[in-house]
Amino acid sequence: MKRFFECLIPVTVCNLKCDYCYVIQEHNRLMKMPVFQYTASHIKQALSVERLGGICYFSICGAGETLIPKETLEITKALLENGHYVNVTNNGTMTNRIEEIVSWEPELLSRLHLAFSLHYLELLKHNMLERFFNNVRTARAAGCSVLVQINLYDGYNPYWNEIKELCINELGAAPQVAATRDESSPVFKFHTDGTISDYIKRGEEYESPLWNFTVSNFNLKHNKEFCYAGEWSGTLNLCSGEMTGCYGQGIRQNIFEDITKPIKFMAIGKHCSNKYCINSSHFLSLGCIPSYSEAPSYASLRNRAAAGWYTPKMVSFLSEKLYDSNEQYSGWERFRSNVYSSYRGMKRTLGSVIRKIIRK
């Protein structure tokens, strides 16, 4: 694995309406389809193995339901045809899209990871639970690797044991558990009206490695360690081609506009402006911080090995660390990236202050 890209498709259309959805919390559920400025063929050339320096892992997620735009499948297939590995996060209800996916060549499916988000109450409400489980089984039977995960929030408390038993019966294992943030709060906190200790204990009942790792890193900033996000990874808007080192930080560039130009990569280093590693289960588990070598692998956090959710090929690939296949910076390169990140951070902070003053 040469690099990792966290990819956004800014679709806000969704066929479910979950109380804990961060888009709904932020009042951004505008039910708008995304506008793709580039074709899948163009994106395929822009994200070739040669241009990126090697085989990469792309994780694709929408602000609504990822599989609703037809372009999602076109881009996913193009990336797989390039030789990359791809994850697509979805809500498991788009049967027509799943059926199209499983019609692809088996070699492509062997490098496809489908993350199914189990929105239990919405599936119950719309009578789509059976559809969800059938789609998960269909994808796995076709040779895809699958992950089933559930966001923990208070509304699930009365059903928590029921959900666990249902998934064990249907899929051979309990879901992996994801923490839900309260996006209405000015500080990062769990989305619960109960105590933090009770919230954490409830998540632990599923014996989920993903939950344990997420909780252990919640609000924990690794600011003393050198982070290679920006060099070994990036955050990419698949509609516009805009890429940053990590969630708005680092070099900002459009990597689709002129594909003859090389992509600029530079590590964030020790000057991350985020309050903590928001997506630690991706970036830290894949090895963006070499000194944090005790981080479990991406595969071990998500696969339910006893249930065979992953293929051996996917286990092998997602057990790799980025620091095993990339050279680390020299002292001078570290100094340069730290200075640049510090400058960018101060500039962003100053801009934010000025905008607040103008609004007043």
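Since this is a predicted model, take the numbers as computed values, not measurements. (Residues numbered from 1 in each chain as written. Predicted model: local features only at pLDDT ≥ 70, side-chain atom pairs only at ≥ 80, totals over all residues. Heavy atoms only, no water.)

## Quick notes on the environment of Phe 133
So, step 1. For Phe 133, the location among the structural elements is in helix H8 (residues 129-141).
So, step 2. Overall, the relative accessible area of 3% leaves Phe 133 in the buried class.
So, step 3. Separated by 180 residues in the primary sequence, Phe 133 and Lys 313 have C-alpha atoms spaced 23 Å apart.
So, step 4. Apart from the residues lying within four places of it in its own chain, the contact partners of Phe 133 are Leu 166, Cys 167, Glu 170 and Leu 171. (Helix = DSSP H or I, 4+ residues; strand = E, 2+ residues; numbered from the N terminus. Buried < 20%, exposed > 50% of the residue type's maximum accessible area, 1.4 Å probe, protein only. Contact = heavy atoms within 4.5 Å.)

## Digging into the packing of helix H10 (residues 196-204) against helix H11 (residues 209-217)
So, step 1. Here H10 crosses H11 at 155°, and the two axes come no closer than 9 Å. Here H10 lies roughly antiparallel to H11, going by the angle between them. Contact with H10, carried on its side by Tyr 199, Ile 200, Gly 203 and Glu 204, involves Trp 211, Asn 212 and Val 215 of H11 and no other residues of that element.
So, step 2. Residue composition of the contact of H10 with H11, by class: four nonpolar, two polar and one charged. (Axes fitted to C-alpha atoms, helices over the stretch in contact; angles between N-to-C directions. Parallel < 35°, antiparallel > 145°, perpendicular 65-115°, else oblique. Nonpolar A, V, L, I, M, F, W, Y, C, P; charged D, E, K, R; others polar.)

## Overview of the sheet that holds strand E9 (residues 253-254)
So, step 1. Taken in spatial order, the nine strands of this open sheet run E6-E5-E4-E3-E2-E1-E7-E8-E9, and their pairing is mixed. Of all strands in the sheet, those bounded by a partner on one side alone are strand E6 (176-179) and E9.
So, step 2. Bridging between strand E3 (residues 85-90) and strand E4 (residues 112-117) involves five bridges; their strand directions are parallel. Across the sheet, residue Val 88 finds its bridge partner in E4, namely Leu 114.
So, step 3. Its contacts with the sheet place helix H4 (residues 70-81) against strand E1 (3-9), strand E2 (56-62), E3 and E4, and it is angled at close to 160° to E3.
So, step 4. Strands E4 and strand E5 (145-152) of the sheet are contacted by H8, whose axis makes an angle of about 170° with E4. (Pairing = 2+ DSSP bridges.)

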